[in-house]
Each structure stands twice: as structure tokens, then as C-alpha cells.
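Overview (structure and organization)
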Amino acid sequence: MSKKVRLLHHPASQPCRTALQFMIENNIPHEEEIIDITTDINERQDFRDEYNPTGQVPILCDNGVRVWENVAIGRYLNEKFDCASHWFGSTLEQRTRVNMFVQWYAYTLRLGGGAFHWTIFGPMIYGTDKDFSAEVRKGKHLLYESMDMLENYWIEDNEFLCGNEITYGDLAAFHEFVSHEAGGIIPDTVWAKHPKTRAWFERMSARPASKQVSEWQYETIRKVMGGEMKVTFTRKTAVLKGTEAHGGHNTGLVHTGEKRDYIAEVEAAL
């Protein structure tokens, strides 16, 4: 049996970068397999049957074990490799705060990633003739609300989001902001209103592992936005970002012109 775990990931994905940085920070022996999420691989049934029924990355393979969802991967690795206690908390109070953060982040800051996704990737996936303004606005609303919470609740007077030691929650949040920073999503006027959050982001950015993991995203998005690189997508799912009226994960892909009424299909009598 291999002593190394295998991480299936793509550097454009915020959750993938989170899981990868945790491995690097903790010197976890691992192998990487890049899953090209610009293709339809995550939409293929054989891939879903083998690795993850949602088709999404990151996915951790540890011999016969398959773990998906980045926080679940972090917890698995934390326990398997007996990582430093600060990552998920050493006391009941600390563990509770980290748990609260990663659950809060999943339906707020993570979904705020739609501001980046629909600004940068939406036109590549569905075409430049589509109007993504509603999706971008929704993403920014979630993002800015999340920044207010970081500034006024989570950071307080601490160095990191859940105290004065780094946690897995810091990695998850950091990589959301890496994408926004790379895409120029957050105006200087917004950053100016969140000085604690900006200082935290800069502390996180200075970590060697942060630089290593985020370099691809900064460089690639710079080239895309500068016209030096063109990315062609064959995939059509919009992951978790959805639209105002469509989930966008696997069904109801409104920007493809699909007329299918998924809700009516599910609610129809047998």
C-alpha cells in the first residue's frame, strides 16, 4: 500500500488550493493529479462513479478511501497525520469556533465566489453574449456581507480568523480572496472599509505555502485578463454558484438555452 495520499485537484479551484496548502503546511506525503475542470470530466458518469457523485474536486484518495469536500479532507488528514492541534482547535471552545467558521463560510464567503466565477469564467463557459450581471451582483452581495462579518466578528483583535493561531478556516477563506484579488473583483474602496481583513489577507499571503499554491491562479488570471491566454471550456455546469433561479450544479443550465424544467420533472407523478 502507498504511504502517500493522492489529491485530485485543479489550481483554479479555491477549495482545491485550500486542501493542497494544508498538505504542504503539514508536510503530508502526497501525490497530485490535476483534473482539468475546463473539460467535461466532472460531468462524466464514470468519473462520478469512481470518485465523487457530484463530480467536483478536490478529492482525496487514500488507498480504498475516497474523501470529497475540502473541509472533510482537512479533517481526515488532520486526524490521520496527527497535525498540530491549532488547525482544528485543541480545546472544546477552539474546536467549536473553527467548526462554526467553516460551516458559516460554506454558505456565505464560498458562495460569494460567484462574483469571480461569473465575471471571469462565465463568459468563457457560456459565451460573451450572455448577461451575467445578476449572478455577479448576487456574488458581490454575499462577498461584501462576508467581509463585514470577517471585519466585525471573526477577526476581532486577533491575528487570524479564529484566534491568534492559523486554522483550516483561514486557508479556506484565504483562497476565496486569492481569486477575487487575481480577478480584481474587490475595489480599493471596499478594501479600505475592511482594514483588519486586508491586514489578515496580507499576513496569509506572506506565508511560503500560500505563495506556492496561489502562484498559478495569479499568473493565469493575469494572462487571461491581459489577452495573453485563451481558455476554452467544454464543461457546462457552473458548480455551486448557480444563477438567481437555477442551481447550476447538474440541471437547469439556463445559460446554455436549456428549456428543461427540472423541478417539474421531480414533482411529476410516476
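In terms of regular secondary structure, the protein is built from eleven helices and four strands. The C-alpha atoms of the protein give a radius of gyration of 19 Å, which matches the 18 Å a tight globule of 270 residues would have. Projected onto its principal axes, the C-alpha coordinates of the protein cover approximately 55 × 50 × 45 Å. For the protein, the residues scored as buried account for 50% of the 270 residues in total. Within the protein, contacts between residues at least 6 apart in sequence are counted, and of these 69% link residues at least 24 apart. Accessible surface, the protein as shown: approximately 13,400 Å² in total, 52% of it carbon and sulfur. For the protein, the centre of its 30 positive side-chain charges and the centre of its 38 negative side-chain charges are spaced 2 Å apart.

A few words on the environment of Lys193. Along the chain, the position of Lys193 falls in the loop between α8 (188-192) and α9 (195-205). Classification of Lys193 by relative accessible area gives exposed; the value is 65%. For the pair Lys193 and Asp148, spaced 45 residues apart in sequence, the C-alpha separation works out to 8.8 Å.

Here we take up a nonpolar patch on the surface. Residues Met100, Met149 and Tyr153 make up a contiguous nonpolar surface patch of about 250 Å² in total accessible area. Within the secondary structure, Met100 is located in helix α4 (residues 92-107).

This part is about the side chain of His180. With respect to the secondary-structure elements, His180 resides in helix α7 (residues 168-183). The class for His180 is buried, based on a relative accessible area of 1%. Contacts of His180, omitting those with residues within four sequence positions, involve Gly112, Gly113, Ala115, Phe116, Leu143, Ile185 and Ile186.

On to the packing of aromatic side chains. Under the counting rule described, the total for this entry stands at 20 aromatic pairs. Relative to Tyr105, the ring of Phe101 has its centre 6.5 Å away and its plane inclined at 10°; by these criteria the two rings are stacked. Here the residue Phe101 and the residue Tyr105 both occupy positions in helix α4, the gap between them amounting to four residues, near one helical turn. Exposure remark for Tyr105: the relative accessible area of 3% places this residue in the buried category. Judged by centre distance (4.9 Å) and plane angle (80°), the ring pair of Tyr153 and Trp154 falls under edge-to-face. Site record: aromatic cluster; members linked through ring pairs are Phe101, Trp104, Tyr105, Tyr153 and Trp154. Here the guanidinium or amino end of Arg198 rests over the ring plane of Trp191, the centre of that ring lying 4.5 Å away.

The subject of this paragraph is the nonpolar core. Formed by 60 residues in total, the largest nonpolar core has its most connected members in Phe22, Phe101, Phe177 and Trp200. In terms of residues, this core owes the most to one element, α7, which gives eight residues. Ranked by size, the runner-up nonpolar core spans ten residues in total, among them Leu8, Cys16, Ile35 and Tyr51.

About the thresholds
Residues numbered from 1 in each chain as written. Predicted model: local features only at pLDDT ≥ 70, side-chain atom pairs only at ≥ 80, totals over all residues. Heavy atoms only, no water. Helix = DSSP H or I, 4+ residues; strand = E, 2+ residues; numbered from the N terminus. Rg over C-alpha atoms; globule rule 2.2 N^0.38 Å. Buried < 20%, exposed > 50% of the residue type's maximum accessible area, 1.4 Å probe, protein only. Contact = heavy atoms within 4.5 Å. Areas by Shrake-Rupley, 256 points an atom, 1.4 Å probe, with all protein chains shown as cover. Lys, Arg positive; Asp, Glu negative; His and termini not counted. Charge placed at Lys NZ, Arg CZ, Asp CG, Glu CD. Patch = residues over 30% accessible without salt bridge, like charges linked within 9 Å, V, L, I, M, F, W, Y side chains within 5 Å. Salt bridge = Lys/Arg side-chain N within 4 Å of Asp/Glu carboxyl O. Phe/Tyr/Trp six-rings, centres within 6.5 Å; stacked < 30°, edge-to-face > 60°. Lys NZ or Arg CZ within 6 Å of the ring centre and 35° of its normal. Core = buried A, V, L, I, M, F, W, Y, C linked by side-chain atoms within 4.5 Å.

So yeah, pure geometry; function would need other evidence.
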